[in-house]
Amino acid sequence: MKRNQTRNLARLTAQFFLGSIVLVLATLAFVWLHVDLATAAFAYLIVILLFSLMGSFAASALLSIVSVTSLAYFFAPPIFQFRLDAPHDVVVLFAFFFTSLIVARLIRNTREEKEAALETEAKLRRSQVDLRDSETEWREVFEHNPVMYFMVDASGTVLNVNTFGAAQLGYLPADLAGQSVLGVFLEEDREFVRNSVAVCLETIGQSHTWEIRKIRKDGSLLWVRENAKALRRADDQLIVLIACEDITERKHAENALQQSEAYLAQAQELSRTGSFGWSVATGEIVWSRETFRIFQCDEATKPSLQFVLERTHPEDRAAVQKTVDQASRDGKDFEHEYRLLTPNGSVKHLHALARATIDASGGLEFVGAVTDVTVAKEAEQRLRRSESYLAEAQRLSHTSSWAWDIRRGDFIYRSAEVFRLFGFDPEEVVPAAAIQARIPAEDLRQLGEVIRREVEQKSEELEFDFRIVLPDGSIKRVHSVAHAVLDGDGEVSELIGTHMDITAQYVAREQLEHAIVALRESEQRFRDYAETASDWLWETGLDHRVTHLSEHTNAAGILASGLIGAHRWDTACDLESEPEKWRQHRASLDAHLPFRDLVHRTVNRTGSSIYVRTSGKPFFGANGEFLGYRGVSTDITAMIRADEAEQALRKAQAELAHVTRVTTLGELTASIAHEINQPLAAIVANAAACLGWIDRETPDLDAARRSVEWIVDDSNRAGEVIRRVRALAKKTDIEKVPLDINEVVREAVALVQRELTSNQVSLRMDLTPALPTILGDRVQLQQVIINLVMNGIEAMQSVTDPPRELSVRSGQQDMCRVFLTVTDCGVGISTEDAERMFNPFFTTKSGGMGMGLSICRSIVEAHGGQLSACRNAGRGATFQFVLPVHQEDTS
């Protein structure tokens, strides 16, 4: 500051010194030129004005004083004196002095204003530059800050958006500017956005925060947390500034955490295991959701030891109390099982395991798990039931199982049904010789040769038929299937197999042959009647008595004589058995209404019973008066008889189908026995393993639980096999229900899986998913599939190269039909056999009945489908059946 004052004083001195020099020079000039006072004053005034423009006011004021002194001394008379004689000279000097001061002041003010204006302009220029720099800096921040910024007006139109925000959504800023901000939000969130913007506009200057989803240009979603504030611009326009932070990863983490918690809860629910925590000091108990579910109580219930004891079965309550008291006293792990009495009266079996720990405050607490083991307890009962079911299935299907020791020549195992098959009491001790004694010598010799040949060839499977002669002389026919078991040296040591009583098959086949011949003859006879019969015309009068009949009725003897003049019901044979039918018919006649297809029973001229279908309509006179009825009648006896014959044929076919199913079960007995023995063996092994895990010093409950779960699965598996066997063996009426053809295929294939394995046949199933359902009988369709698969297996028995493969494929032929094909790579079908293979009793097998494919075609056609066969281009044959889609599925 002192430096500035010194600088200003120096500048003032210099200006005054320069001005003084100018005045001195001017004075000398004016004195030499003898200029008068006014002229000198005017010249001095110009000099002062010039220096006022260049210098400061103080310098100008000092020059004004010097100028007045100089004017008074050099130019005012008397000159060279400071005395003024003339008054007007005093006025001139004073006027000069004040004018110079005033003008200098005005010039100074003008110059200061100009300097201030110039300085203001310079400052304004600097401010503009700073503003542009600041705007550039802020725009850089706005554009490149890793936060999305939106500026929208009151209507929601985007006014501005930073580059980062637009890029996050897959747009350019120009793409979003001028568009509605709602376009980047989901449809269901747009109302929320509108309301949020409205709230911001109502509370100007206040910040509002929310979390919401935005849609990228590619359709993906982005979670953001938005902070918004409404502002009023200089033009009084309301705008909303929105800063958006990407929180997608945080949301994903939150969702993952929630999903993890859900998985844990689901895992506990699936394993029926709940967790708990118990603080001994405070008595506080914490349960997981699954524990609440096990105890069947609401999660709002506060668990306690007293609550647990109240829910415990009365017989187990004391033991539970003792276990809890000892654990809290000793501070050691505990484990126990007890029964839980639920509010609905049912009983659950629970297994609890807890581990003792010390909490942060040094108090004792237990952390453990409680498992609902009711299923495991029930599995033991199901296992026992499965064993009884197996025995019952053998009894119902007349199928017995056995095991034969080749070296000892004696039975290793015989089921109870073996004894019944040979006519012995299962409780008796019967040696093998006694059983062999009931086999005819010829059959026993052939049986020995078959076994000896198969043992030498080490065949995995063999089949043979033989007879049994019972003490009462009756004969049973038996079909046997056996599987060879090799020892460590690769030699056959045992045979495991089944015997099936197929006596009913032979009897049924003979009876069926006679029945089919008789039915065909009857059908042809009634068809001839129908072809030679004809309709006849009739007419009745006012009282409904017959007034006219076609002439050929009497000549042909179709109707009994004496019908003229009689009522129709006078000759009816069903008047008493069907009174309601005749009451309604007579009511129609009395009302003069037409009637159609009245079927009634009467007799012809020979006295034989016939069925007549009659239709008629009233006729009237010219004046509209009722005159009677005219109509036509038809002898439909042949049609009725044909229907009855067809029903009998269908019944016979159903009987044959049942017999064939039972026969197929006999052929699959080894597979069935394997399918049942396998889960039973697994159940025994898992039960032993479970006991081993439990008997450890520290029981491995997880392993024991897995063993119990496997026991449950194997029990269900064995039960499912038995259910399928019983369904095939059971003789029931046809029950058509909506079916998934793929599910029917899988169930059927499961029964022949052992046959496929034993014959070294690989199965390839190509089942089209989500096929329309069909309307059919599950058992009959399974019978068709099993028959086709077994035929394919047998057709490939002689095939050694290429590998044996059986293909089962399903699909949709068109909108109204689905198909199933069974393709083998066997010997194929000859042209001659292809024409006859679906005929009854035609077979290419030495021991076949020739009814399998015929029955299969009858079943498929009864379902409205078609069964066909063709020879493959290479080896083997393909059988295909097509079935209509269930109409409800089509609609």
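Quick caveat: nothing in here was measured; it's all calculated off a predicted structure. (Residues numbered from 1 in each chain as written. Predicted model: local features only at pLDDT ≥ 70, side-chain atom pairs only at ≥ 80, totals over all residues. Heavy atoms only, no water.)

Novice: Kindly report on the overall build of the chain, identifying the contributing residues and their values.
Specialist: A count of helical and extended segments in the chain gives 27 helices and 27 strands. Residue burial in the chain is summarised as follows: out of 891 residues, 40% are buried. Residue pairs in contact within the chain that sit at least 24 positions apart in sequence constitute 54% of those at least 6 positions apart. (Helix = DSSP H or I, 4+ residues; strand = E, 2+ residues; numbered from the N terminus. Buried < 20%, exposed > 50% of the residue type's maximum accessible area, 1.4 Å probe, protein only. Contact = heavy atoms within 4.5 Å.)

Novice: Describe helix H24 (residues 778–795), naming the residues involved and giving the relevant values.
Specialist: Its 18 residues give H24 an end-to-end C-alpha distance of 26 Å, which sits within 8% of 26 Å, the value for a rise of 1.5 Å per residue. In terms of burial, H24 is a largely internal element, 16 of the 18 residues being buried. Put simply, Asp-777 is the residue that caps the front of H24, since its side-chain oxygen is 3.3 Å from the backbone nitrogen of Val-779. (Expected span 1.5 Å × (residues − 1). Polar contact = N/O pair within 3.5 Å; in protein donor to acceptor, adjacent residues only side chain to side chain.)

Novice: So what about the sheet that holds strand S4 (residues 221–232)? Which residues, and what values?
Specialist: The strand order across the open sheet built from five strands is S2-S1-S5-S4-S3, with neighbouring strands paired in antiparallel fashion. Since the sheet does not close on itself, it has two edges, and those belong to strand S2 (158–161) and strand S3 (207–215), each with one partner. The sheet shows a mean angle of 25 degrees between the axes of neighbouring strands, direction not considered. Across the face of the sheet, helix H7 (residues 190–202) comes into contact with S3, S4 and strand S5 (238–246) while running at roughly 155 degrees to S3. (Pairing = 2+ DSSP bridges. Axes fitted to C-alpha atoms, helices over the stretch in contact; angles between N-to-C directions.)

Novice: Break down the pattern of salt bridges for me, with residues and values.
Specialist: Inspection of the entire model under this criterion finds 33 salt bridges. Residue Arg-407 is joined to Asp-487 by a salt bridge in which the shortest nitrogen-to-oxygen separation is 2.3 Å. Placement of Arg-407 in the loop between strand S11 (399–405) and strand S12 (410–414) and of Asp-487 in the loop between strand S14 (475–486) and strand S15 (492–501) is noted, with a sequence separation of 80 residues between them. For Asp-543, the salt bridge is made with Arg-545, and the minimal N-O distance between the two is 3.4 Å. The structure contains a network of salt bridges with shared partners spanning Glu-211, Arg-250, Lys-251 and Glu-254. (Salt bridge = Lys/Arg side-chain N within 4 Å of Asp/Glu carboxyl O.)

Novice: Please provide a residue-by-residue account of the sheet that holds S15, values included.
Specialist: The sheet built from five strands is open, its strands ordered S12-S11-S15-S14-S13 with antiparallel pairing. Bordering the open sheet on either side are S12 and strand S13 (461–469), each of which pairs with just one other strand. Within the sheet, the average angular offset between the axes of one strand and its neighbour, ignoring direction, is 30 degrees. Here four bridges tie S11 to S12, and the two strands are oriented antiparallel to one another. Bridge pairing links Trp-404 to Phe-411 in S12.

Novice: Describe the side chain of Ser-758, naming the residues involved and giving the relevant values.
Specialist: Following the sequence through the fold, Ser-758 ends up in helix H23 (residues 753–758). By relative accessible area, which is 10% here, Ser-758 ends up buried. At 3.1 Å, the side chain of Ser-758 forms a polar contact with the backbone oxygen of Glu-755. For Ser-758, the side chain forms a polar contact with the side chain of Asn-759, separated by 3.5 Å. Excluding residues within four positions of it along the chain, Ser-758 makes contact with Glu-460 and Glu-461.

Novice: So what's going on with the confidence of the model for the chain? Which residues, and what values?
Specialist: On average, residues of the chain score 79 in pLDDT, and 81% of them are at 70 or above. Ranking the elements of the chain by mean pLDDT puts helix H17 (residues 551–556) last with 55 and strand S25 (residues 817–823) first with 94. (pLDDT = per-residue confidence, 0-100.)

Novice: Outline the packing of aromatic side chains, supporting the account with residue identities and numerical values.
Specialist: Applying the stated criterion to the full structure yields 13 aromatic pairs. Residues Trp-287 and Phe-292 carry aromatic rings whose centres are separated by 5.3 Å and whose planes lie at 75 degrees to one another, so their mutual orientation is edge-to-face. No difference in accessibility class separates Trp-287 from Phe-292, as the two residues are buried. Taking the centre distance of 6.0 Å and the plane angle of 55 degrees together, the rings of Trp-287 and Phe-307 count as tilted. Here the residue Trp-287 occupies a position in strand S7 (residues 285–287), and Phe-307 occupies one in helix H10 (residues 305–311), the gap between them amounting to 20 residues. Through successive ring pairs, a cluster of aromatic residues spans Trp-538, Phe-595, Phe-620, Phe-626 and Tyr-629. Stacked on the ring of Phe-424, the Lys or Arg Arg-438 has its end atom at 3.9 Å from the ring centre. The ring of Phe-619 carries the charged tip of Arg-630 above its face, separated from the ring centre by 3.9 Å. (Phe/Tyr/Trp six-rings, centres within 6.5 Å; stacked < 30°, edge-to-face > 60°. Lys NZ or Arg CZ within 6 Å of the ring centre and 35° of its normal.)

Novice: Mind laying out the pairing of strand S17 (residues 546–549), listing which residues take part and the relevant values?
Specialist: In terms of strand pairing, strand S16 (residues 536–540) meets S17 through three bridges, oriented antiparallel. In the sheet register, Thr-540 faces S17, and the bridge partner there is Val-546. Linking S16 back to S17 in an antiparallel pair, the connection comprises five residues, with His-544 at a positive phi of about 70 degrees.

Novice: Residue-level account of the packing of helix H22 (residues 741–751) against H24, with values.
Specialist: Two elements in contact, H22 and H24, have axes separated by 9 Å at closest approach and are oriented at 55 degrees. Looking at the two axes, H22 sits oblique to H24. Judged by the twist between their axes, the crossing of H22 over H24 is right-handed. In contact with Glu-743, Val-744, Val-745, Glu-747, Ala-748 and Leu-751 of H22, H24 contributes Arg-778, Leu-781, Gln-782, Ile-785 and Ile-786. Considering only residue class, the contact of H22 with H24 consists of seven nonpolar, one polar and three charged. (Parallel < 35°, antiparallel > 145°, perpendicular 65-115°, else oblique. Left-handed = near helix turned anticlockwise from the far one by under 90°. Nonpolar A, V, L, I, M, F, W, Y, C, P; charged D, E, K, R; others polar.)

Novice: Kindly report on unusual backbone geometry, identifying the contributing residues and their values.
Specialist: Glycine aside, a negative phi is what most residues show, and trans is what most peptide bonds show. For His-592, which is not a glycine, the phi torsion comes out positive at approximately 60 degrees. Tracing the backbone shows His-592 in the loop between helix H18 (579–590) and strand S18 (595–603). With a phi angle near 55 degrees, Gln-760 is a residue other than glycine that sits in the positive phi range. For Gln-760, the position within the fold is in the loop between H23 and strand S22 (762–767).

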